[in-house]
Each structure stands twice: as C-alpha cells, then as structure tokens.
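So the chains spell out like this:
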Amino acid sequence: MFPKCILLSLLIIPILDLSAQDSSFTYKEVIYGRKDGLALTMIVAEPKVKKNEAVIIYVVSGGWSSYIGGFAQYHFENWKELRPFSRSMAVNGYAVIYVGHGSQPRYTIPEAIVDIQKAVRFIRFSAKEYNIDPEKIGVYGSSSGGHLALCVGMMDGKGDPNAEDMVERQSSKVNADVCLAPPSDFMNYRFDGDNVMYNGMLQMYKQTAPAFDFNT
C-alpha cells in the first residue's frame with residue numbers, strides 16, 4: 001500500500017539549476033516526451049541510501065505554466081528552497097520527480113493534463129531504472145498544479161495496448177493523490193453560480209486566461 005500521508009508543501013521547482021550537490025539524494029534532468037519540436041522535461045531526485053521504492057510526482061505549475069514568463073525566474077531562484085523538501089523525502093526513502101508541462105499561452109489545460117499523464121506513463125515504464133515500484137506512484141500539486149494532479153488522479157488512465165510506443169501502453173493511473181488548494185469547479189468557482197467566464201477572474205489574472213482557450 002502507498003502511504004496515505006505525504007508532506008504538503010508550497011515549495012516550487014527550479015528549471016535548470018542542477019549544479020549544487022546534496023549528500024542525501026542525486027538528481028538529474030530527464031526528457032520524458034516531445035511535442036511540436038519541444039522537449040517535455042522532469043527532474044528526478046532519488047535517495048542515495050534508504051529506498052522504499054515509492055515516488056512522489058510533483059506537478060510544477062503556477063497559473064498552468066511550468067516554464068515561461070516570471071514563473072521560470074521564480075522557480076530558478078528558489079531551487080535552494082526546494083532541496084530541503086527533496087532531502088526530507090529522501091531521508092524517508094521517497095524519490096521525488098518534478099514534472100513540467102506544456103504551458104500557456106501556447107498550450108491549454110486539457111493539453112497540460114495529457115502531458116502529466118504522459119509523465120506518469122514514462123515513469124511507470126522506467127520504474128526499474130529509477131528503482132521504484134510501478135504501483136507506488138503518487139502525485140502532488142498545489143493551485144493549478146493541484147488541479148492538474150486532481151484531474152490525473154480522477155481519470156481512468158488506461159494505456160493503448162496497440163500503441164507502437166511502449167510508454168503509451170502504460171497506465172497513467174496513480175496510487176495516491178494529494179492536492180493543495182486546487183480549483184475544482186470553474187462554473188462555481190468561489191460560490192454557486194460563480195462562472196470564471198463572467199466573474200472577472202480571467203480579466204484580473206490575464207496571464208492565466210490563455211490556458212482556458214475560450215471561444216466566444
């Protein structure tokens with residue numbers, strides 16, 4: 001059984017700063033897929049000694065963006081704040097994989113969900129390489145990352161048994177799902193009848209609007 005309690009955190013992932021060393025875990029950047037000529041990447045932090053074969057997928061997302069605009073700079077500058085989270089998980093035997101997704105304004109929420117599912121499939125396919133149990137995969141996210149994690153956790157996730165790509169044959173179903181403050185109902189956002197299309201939220205937070213891709 002995958003442990004039910006996973007530490008909640010508001011810490012955010014860096015993008016490229018992999019230079020610093022840590023005694024409790026190793027880490028590397030991995031390409032888990034490609035689309036439109038772009039690489040989809042994740043950072044794998046593995047415990048050096050104690051391993052319980054479980055992995056926490058941390059969905060990197062702010063306003064349904066992983067890499068672009070101000071978010072990229074914020075993530076990069078706070079890598080030093082993230083290492084303690086990876087360290088605390090490593091001490092307890094957990095691997096942590098920080099997954100980025102295709103971001104707005106180019107990609108929409110449904111496309112981001114597909115990216116996270118692809119990452120789960122890739123991780124499950126690569127379980128032996130990362131010394132994890134393919135049935136001990138949990139996903140965590142906060143805010144828009146929590147929304148994406150929640151969607152992945154609620155979906156069926158069946159792989160395509162006829163796919164040429166062996167990764168696509170894998171299930172994207174996770175074994176545990178922890179979400180912090182995820183938006184879950186855009187038609188009743190803050191209260192009944194509070195529709196994000198008309199309540200001014202997208203006008204207020206213009207950087208998030210492209211992720212919805214409304215056609216009116």
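Keep in mind that this is a model prediction, so the values were computed, not measured.

Summed over the entire model, instances satisfying the criterion amount to seven aromatic pairs. An angle of 45 degrees between the planes, with centres 5.4 Å apart, marks the rings of Phe25 and Tyr27 as tilted. Judged by centre distance (5.0 Å) and plane angle (80 degrees), the ring pair of Phe186 and Phe212 falls under edge-to-face. Within this pair, whereas Phe186 is found in the loop between strand 6 (176–180) and helix 5 (201–204), its partner Phe212 is found in the segment after helix 5, the two being separated by 26 residues in sequence. Each residue in the set Trp64, Phe186, Tyr189 and Phe212 is aromatic and connected to the rest through ring pairs, giving one cluster. Residue placement shows Lys35 over the ring face of Tyr107; its charged tip is 3.9 Å from the ring centre.

We now examine unusual backbone geometry. Most peptide bonds take the trans configuration, and most residues that are not glycine carry a negative phi. Residue Gln104 is joined to Pro105 through a cis peptide bond whose omega torsion reads 10 degrees. As for its placement among the helices and strands, Pro105 is situated in the loop between strand 4 (95–99) and helix 3 (109–125). Of note, Glu53 is a non-glycine position whose phi angle comes to about 70 degrees, a positive value. Of note, Glu53 is situated in the loop between strand 2 (38–47) and strand 3 (55–59). Residues other than glycine seldom take positive phi values, yet Ser143 does so here, at roughly 55 degrees. Of note, Ser143 is situated in the loop between strand 5 (137–142) and helix 4 (144–154).

Attention now moves to the environment of Tyr130. Within the fold, Tyr130 resides in the loop between helix 3 and strand 5. Taking C-alpha positions, Tyr130 is 7.5 Å from Glu46, a pair spaced 84 residues apart along the chain. Excluding residues within four positions of it along the chain, Tyr130 makes contact with Lys28, Val30, Met42, Val44, Glu46 and Phe122.

Turning to the side chain of Gln104, a few remarks are in order. Looking at where Gln104 falls in the secondary structure, it is placed in the loop between strand 4 and helix 3. You can call Gln104 buried: its relative accessible area is 5%. Looking at Gln104, its side chain comes within polar contact range of the main-chain oxygen of Gly63, at 3.2 Å.

Core analysis: the biggest nonpolar cluster contains 36 residues, and Met42, Val99, Ile109, Ile123 and Leu148 have the highest contact counts within it. Taken together, the elements giving at least two residues each to this core come down to strand 1 (25–35), strand 2, strand 3, strand 4, helix 3, strand 5 and helix 4. Considering every element that reaches this core, the biggest residue donor is helix 3, with eight residues. Filtering out sequence-adjacent residues up to four positions away, Leu148 remains in contact with Val59, Ser61, Trp64, His101, Ile109, Ala112, Ile113 and Ile116. Phe25, Ala54, Ile56 and Val178 belong to the second largest nonpolar core, which has 16 residues in total.

In this structure, the largest pocket occupies an estimated 270 Å³ of space. Lining the largest pocket are 17 residues, with Trp64, Tyr189, Met201, Tyr205 and Thr208 positioned closest to its centre. Its residues placed into classes, the lining of the largest pocket shows eleven nonpolar, six polar and no charged.

Quick look at the pattern of salt bridges now. Summed over all chains, the structure comprises five salt bridges. Linking Asp36 and Arg106 is a salt bridge whose minimum nitrogen-to-oxygen distance equals 3.0 Å. One end of the pair, Asp36, is in the loop between strand 1 and strand 2; the other, Arg106, is in the loop between strand 4 and helix 3, and 70 residues separate them in sequence. Exposure remark for Asp36: the relative accessible area of 53% places this residue in the exposed category. Connected through shared salt-bridge partners, Lys118, Arg121 and Glu168 make up one network.

The rules behind each value
Residues numbered from 1 in each chain as written. Predicted model: local features only at pLDDT ≥ 70, side-chain atom pairs only at ≥ 80, totals over all residues. Heavy atoms only, no water. Phe/Tyr/Trp six-rings, centres within 6.5 Å; stacked < 30°, edge-to-face > 60°. Helix = DSSP H or I, 4+ residues; strand = E, 2+ residues; numbered from the N terminus. Lys NZ or Arg CZ within 6 Å of the ring centre and 35° of its normal. Contact = heavy atoms within 4.5 Å. Buried < 20%, exposed > 50% of the residue type's maximum accessible area, 1.4 Å probe, protein only. Polar contact = N/O pair within 3.5 Å; in protein donor to acceptor, adjacent residues only side chain to side chain. Core = buried A, V, L, I, M, F, W, Y, C linked by side-chain atoms within 4.5 Å. 1 Å grid on protein atoms, 1.4 Å probe; cavity = no way out; pocket = protein on both sides within 12 Å on 5 of 7 lines; lining within 4 Å. Points joined across faces, edges and corners; volume = space filled by probe spheres on them. Nonpolar A, V, L, I, M, F, W, Y, C, P; charged D, E, K, R; others polar. Salt bridge = Lys/Arg side-chain N within 4 Å of Asp/Glu carboxyl O.

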